[in-house]
Amino acid sequence: MPLIINDEYPEKLFREDGKRLDGRDLNELRPIKMEVGVIKNADGSAYMEWGNNKIFAAVYGPRDVHPHHLAKPDRGILRVFYRMATFSVFDRKRPAPGRREKEISMIVADCLEPILFLELYPDTSFEVFIDVMDADGGTRCASTTVAALALADAGIPMKSLVSALAVGKIDGKKVVDLSGIEDKAGEADLPIAITWYNEEISLLQFDGDMDLDDLTEFLDLAKESLAKIHQIQLDSLKSKYVTLKREEGEN
Ligand code: UDP
């Protein structure tokens, strides 16, 4: 069943029992699954299901820069291509990449750059391809999170992972991890990313209606959930190596 049909939004975003429409509490994440090493033809890859979002990320690099005029003699370059499949949303997304996809590609690149040692790779590129198969709110955050995993799976030296999450306000209440309907019908949406090696915020966007005083509360609210997401990332990386070790033992 489609998740968001045109502009048909419910009047209330909370049920009678105080839970959100999908049954969650205010500070509850949607179910998240991550797996690394899912694309055999890429140097590194990862797949994620985050609520109804389904997203692949694949990495190539370090390798020669194409087109070569983009190469930098003193450092490597990171290129990110975020795309939503035409069938990923109800109203058939136009196949050509639009302004939103270019913006999100840039945002994800800004979040990933600080965790890489690009200065060690002159004349080289790292390319990250992100394909959203099914979208239901928060895809820029999910994409950042899964792309960091794909880079780690490629064995690229990194300072740490980066994790991202949207917090926001719906029907006057602060919540974590907005679904598509909450994103569209709520009052505020605040995507946040954190780089773990220095615990700095590498993404902070804002869409909607909010007092500046709310910002600290939003950041506090995001912290606990970001730590949970980080743990799921680490577990998915570990589980690849546990599986490989087990297979090695069986051979
Ligand atoms: N969306 C859509 N059609 C589009 C773009 C987005 O239906 O062309 C939906 C999709 O579910 C997406 C949500 O709107 O996840 C919120 O989009 P937004 O631009 O806020 O980015 P996101 O929350 O995915 O990072």
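Only a predicted model underlies this, so the values are computations on that prediction, with no experimental measurement involved.

### Re the nonpolar core
With 65 residues, the main nonpolar core has L78, L112, V128 and I130 as its most contacted residues. If one sorts the elements of this core by residue count, helix α2 (residues 139-153) sits on top with nine residues. Sequence-distant contacts of L112, that is, excluding residues within four places in its chain, are made with L78, V80, V128, T144, A147, A148, L151 and V162.

### A few points about the packing of helix α1 (residues 99-112) against α2
Between α1 and α2, the shortest axis-to-axis distance is 10 Å and the interhelical angle comes to 50°. Taken together, α1 and α2 sit at an angle that is classed as oblique. Note on packing geometry: the crossing formed by α1 with α2 is right-handed. When α1 is examined against α2, the residues R100, E103, I104, I107, V108, C111 and L112 are found in contact with a partner set consisting of T139, R140, S143, T144, A147, A148 and L151.

### Quick word on the pairing of strand β8 (residues 188-195)
Consecutive side chains of a regular strand alternate in pointing toward one face of the sheet and then the other. Burial within β8 is extensive, with eight of its eight residues counted as buried. As paired strands, β8 and strand β10 (residues 207-208) are joined by two bridges and run antiparallel to one another. Counted as the bridge partner of A188 is G208 from β10. Across four bridges, β8 lies against strand β9 (residues 200-204) in antiparallel orientation. What sits directly across from A193, in β9, is L203. The hairpin turn running from β8 into β9, its antiparallel successor, is four residues long, and E199 in that turn takes a positive phi close to 55°.

### Points about the site of the ligand
Taken together, the neighbourhood of the ligand is formed by V89, R100, A135, D136, G137, G138, T139, R140, D183 and K184. Taking R140, its side chain carries an N or O atom lying 2.8 Å from an oxygen atom of the ligand. Elements with a minimum of two residues in the shell around the ligand: α2 and α3 (180-185).

### A short note on the pattern of salt bridges
Charged atoms that come close allow side chains of opposite charge to pair. This model, assessed by the stated rule, comprises 21 salt bridges. As a salt-bridge pair, E101 and K93 come within 3.1 Å of each other at their nearest N and O atoms. One exposure class covers both E101 and K93, and it is buried. When salt bridges that share partners are traced, they join R20, D22, R24, R30, D136, D177 and E182 into one network.

### Description of the pairing of strand β2 (residues 44-50)
Where burial is concerned, most of β2 is hidden: six out of the seven residues are buried. Sheet analysis places strand β1 (residues 32-36) next to β2, joined by five bridges and oriented antiparallel. Along β2, the bridge assignment pairs V36 with A46. In this structure, the hairpin formed by β2 and strand β3 (residues 53-63) is closed by a connection of two residues, where G51 is found at a positive phi of approximately 60°.

### Thoughts on the sheet that holds strand β4 (residues 77-84)
The strand order across the open sheet built from five strands is β1-β2-β3-β5-β4, with neighbouring strands paired in mixed fashion. One side of each edge strand has no neighbouring strand; the edge strands of this open sheet are β1 and β4. Neighbour-to-neighbour, the strand axes of the sheet open up by a mean angle of 15°, direction not taken into account. Of the strands in this sheet, β4 and β5 (125-134) touch α1, which is tilted by about 140° from β4.

### What to know about the environment of D207
Looking at the element boundaries, D207 is found in strand β10. Measuring from C-alpha to C-alpha, the distance between D207 and P191 comes to 8.9 Å, with 16 residues separating the pair along the chain. When residues no more than four places from it in sequence are discounted, the contact partners of D207 are E187, A188 and D189.

Rules and cut-offs
Residues numbered from 1 in each chain as written. Predicted model: local features only at pLDDT ≥ 70, side-chain atom pairs only at ≥ 80, totals over all residues. Heavy atoms only, no water. Core = buried A, V, L, I, M, F, W, Y, C linked by side-chain atoms within 4.5 Å. Buried < 20%, exposed > 50% of the residue type's maximum accessible area, 1.4 Å probe, protein only. Helix = DSSP H or I, 4+ residues; strand = E, 2+ residues; numbered from the N terminus. Contact = heavy atoms within 4.5 Å. Axes fitted to C-alpha atoms, helices over the stretch in contact; angles between N-to-C directions. Parallel < 35°, antiparallel > 145°, perpendicular 65-115°, else oblique. Left-handed = near helix turned anticlockwise from the far one by under 90°. Pairing = 2+ DSSP bridges. Near = heavy atom within 4 Å. Polar contact = N/O pair within 3.5 Å; in protein donor to acceptor, adjacent residues only side chain to side chain. Salt bridge = Lys/Arg side-chain N within 4 Å of Asp/Glu carboxyl O.

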